[in-house]
2 protein chains.
Amino acid sequence: MSDLTLADVQAAAKQIEGAAHRTPVLTSRTIDALVGARVFLKCENFQRIGAFKFRGAYNAVSLLGPAELSRGVAAYSSGNHAQAVALAAQLAGTSAVILMPEDAPATKVAATRGYGAEVVTYDRYSGDRAAIGQALADERGLTLIPPYDDLYVMAGQGTAALELIDEVGPLDALLVPIGGGGLMAGCATAATALSPGIRMIGVEPESGDDTARSLAAGERVGIPVPRTIADGQAISMPGELTFAVNRRLVDGIELVSDDEIRAAMALAFERLKIVVEPSGASALAALLSGRIEHLPERVGVVISGGNVGLDRFRELLDPTAA
Amino acid sequence: MSDLTLADVQAAAKQIEGAAHRTPVLTSRTIDALVGARVFLKCENFQRIGAFKFRGAYNAVSLLGPAELSRGVAAYSSGNHAQAVALAAQLAGTSAVILMPEDAPATKVAATRGYGAEVVTYDRYSGDRAAIGQALADERGLTLIPPYDDLYVMAGQGTAALELIDEVGPLDALLVPIGGGGLMAGCATAATALSPGIRMIGVEPESGDDTARSLAAGERVGIPVPRTIADGQAISMPGELTFAVNRRLVDGIELVSDDEIRAAMALAFERLKIVVEPSGASALAALLSGRIEHLPERVGVVISGGNVGLDRFRELLDPTAA
């Protein structure tokens, strides 16, 4: 693959069929009335490992050849991609080594180990995870599965939009959270091909606006590591491959505050009865902000993940906290 | 209708089609592994008004004649039935007066008013809600929609089991929360007809074991108003019509503690990514208790509702509370 096409996403859909869940699409009269549109929520919080990341990881891992599978895979991630690669490796009958920061939450480390992966830790504040991950992979002869900057990973993530449009029909706009940009690159590739004229709206946390800045500059721009509750979107520069797709297909970026994300998580809890992690709620937060001008009639929103523990959820939505 | 049959439940399914949601069925490898069975969760927390109650209420209200609709309906309810009748009345173009306990959750009172109903309150621990409700209905010429002891209401609730078996095929057992017994009566009627040999297991909170006692006694037995977090199951005596069905079709009752219900709510949050209210989690709690002997292979569980506000949820699952 030299660039990403609808055919790549369709091939990924076949590849992950039976392994990944076809997640439900929820609708809500409350949300429709609040925003004045017909809204379709693609609920990747119900995906395996609790986030869309499994789609891309499984696509990439399961397409490896016998020689690569016999040696194993590696990934660096403090979050959902770690569990996604660990589970994908287990299902593909290979081993996985996951590089995680020393201070990663114990529950995430335990969940990753629970899928049979070996966890190797590094110091988040001094180490360059990409370099350490590559060194680890080279040293052990493992295939590195990147979290987003990989065409098979991007194609896998795009199956979320493919399924959504297949189920509900053409959309006028689709809101997608952007971290490294893999979910958006895949979804934009599928959605613009299947729904010509669709408006692709990326959503980033205010402090993690690297893609917004990069689109404005016409080239990839780096920012300091963002501080936001949306940990899955705390990325300081768009991917090279993802940005090449997104600069071509994304129509605009909306920025949301942490408080807007919290409000979207609360609304998802109380009205939709679903658990959404901060990054997973950012696209819904953008929709609810009222700042999207000329919102069209039929709007898709990707709810990208639901991995937030009970204690963290309580802490995030504590009205008595400062 | 003199007794409840599969045909009644099928007629209700037609009647509510398009008004009620066909709710999703979730499965979880985590839960399957924990209990050693294939588990199918019928998620009525995604039903309109957030609970199964809408099925029965809409069936009963929408079948009223023009004269009754012109006068309006009334209901007494600790929560979900109130919202169900309020919304059913709104959809059927009539008015509703709802009698609610003074200490009903604020979110439920607000939601009921939100559907355009008039709310009248009473003291849960001293007043006889059935008598007050009947007096209110008589005085204003309203048709009382009972929360469970009504064949059309029971038939409507049974559509949950009808849909579940239609979607996943025959089941070996079905766990259903019991409050007044309407959900169980409808579900048992449908499930035993569609899945001959199915084991119908009712679930009550420990302190609200009126149906367990009544089944043991062979007749309806009253208990003091139960104090339990499962407010939808805080009922002191089975219904007359529901008990006539349930004594015939229910194979056994499991009792669960409030702490077991809390644990089930937490598991639903963290692993299933869904919000379940205490009563809605009781059947799952019974399954997870490990006390159901000879658990068969294919087990259905009705998750009956998800109406728990964020504050109440935080309070219920606060690990620092006494």
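Residues numbered from 1 in each chain as written. Chains lettered and ligands numbered in written order. Predicted model: local features only at pLDDT ≥ 70, side-chain atom pairs only at ≥ 80, totals over all residues. Heavy atoms only, no water.

### A short note on the interface of chain B and chain A
Alright, step 1. Contact with chain B, which involves 26 residues of that partner, is made by 26 residues of chain A.
Alright, step 2. Together, the buried faces of chain B and chain A total about 2300 Å²; carbon and sulfur atoms form 59% of this surface.
Alright, step 3. Among the residues chain B hides against chain A, the three largest losses belong to B:K273, B:L310 and B:R314. Together they make up 33% of the total.
Alright, step 4. Between chain B and chain A we count two salt bridges in total.
Alright, step 5. A salt bridge links B:D318 to A:R314; its shortest N-O distance comes to 3.3 Å.
Alright, step 6. Viewed at the interface, chain A and chain B are joined by 11 residue pairs in polar contact (both at pLDDT 80 or more).
Alright, step 7. Contributing elements (two or more residues each) for the side of chain B that touches chain A: α12 (258-272) and α14 (310-316) of chain B.
Alright, step 8. No other element matches α14(B), which puts five residues into the side of chain B that touches chain A. (Contact = heavy atoms within 4.5 Å. Buried area = accessible area lost by both parts, 1.4 Å probe. Salt bridge = Lys/Arg side-chain N within 4 Å of Asp/Glu carboxyl O. Polar contact = N/O pair within 3.5 Å; in protein donor to acceptor, adjacent residues only side chain to side chain. Helix = DSSP H or I, 4+ residues; strand = E, 2+ residues; numbered from the N terminus.)

### Structural notes on the environment of A:R220
Residue and element names in this part refer to chain A.
Alright, step 1. In this structure, R220 sits in the loop between α10 (210-217) and α11 (240-249).
Alright, step 2. Separated by 23 residues in sequence, R220 and F243 have C-alpha atoms that sit 7.3 Å apart.
Alright, step 3. Apart from residues no more than four positions distant in its own chain, R220 is found in contact with S214, M237, P238, G239, E240 and F243.
Alright, step 4. At 2.8 Å, the side chain of R220 and the backbone oxygen of P238 are in polar contact.

### With respect to the environment of A:A82
Residues and elements named next belong to chain A.
Alright, step 1. Checked against the element boundaries, A82 lands in helix α5 (residues 80-91).
Alright, step 2. The spacing of A82 and I145 is 63 residues in sequence and 9.8 Å in space, taken between C-alpha atoms.
Alright, step 3. Discounting chain neighbours no more than four positions away, the residues touching A82 are S77, I98, M100 and T112.

### As for the pattern of salt bridges
Alright, step 1. Under the definition given, this model contains 25 salt bridges over all chains.
Alright, step 2. Ionic pairing is found between B:R291 and B:E260, a salt bridge with its closest N-O pair at 2.7 Å. With B:R291 in the loop between α13 (278-288) and β10 (298-303) and B:E260 in helix α12, the pair connects residues that are 31 residues apart, well separated along the chain.
Alright, step 3. Where salt bridges share partners, they join A:K42, A:E44, A:R55 and A:E163 into one cluster.

### Some points on the domain arrangement of chain A
Residues and elements named next belong to chain A.
Alright, step 1. Taken domain by domain, chain A holds domain 1 (6-52 + 150-321) and domain 2 (54-144).
Alright, step 2. Its C-alpha centre places domain 1 at a distance of 24 Å from the equivalent point of domain 2.
Alright, step 3. Counting from both sides, the interface comprises 26 residues of domain 1 and, opposite them, 15 residues of domain 2.
Alright, step 4. Summed over both sides, the interface of domain 1 with domain 2 buries roughly 1600 Å², with 57% coming from carbon and sulfur.
Alright, step 5. When the buried area of domain 1 at its contact with domain 2 is split by residue, Q15, R48 and I49 rank highest and sum to 38% of it.
Alright, step 6. Connecting domain 1 to domain 2 are 12 residue pairs in polar contact (both at pLDDT 80 or more).
Alright, step 7. When grouped by side-chain class, the residues that make up the side of domain 1 that touches domain 2 number 11 nonpolar, eight polar and seven charged. (Domains from an automatic or database assignment. Nonpolar A, V, L, I, M, F, W, Y, C, P; charged D, E, K, R; others polar.)

### Section: the relation of the copies chain B and chain A
Alright, step 1. Superposing chain B onto chain A takes a rotation of 180° combined with a translation of 0.0 Å along the rotation axis, leaving an RMSD of 0.6 Å. Read as a symmetry element, the transformation amounts to a two-fold axis. In terms of proximity to the rotation axis, the leading residue of chain B is B:I274, whose C-alpha is 2.2 Å off the axis.
Alright, step 2. A symmetric contact is evident, with 100% of the interface residues of chain B recurring at the interface of chain A. (Least-squares fit on C-alpha atoms with pLDDT ≥ 70 in both.)

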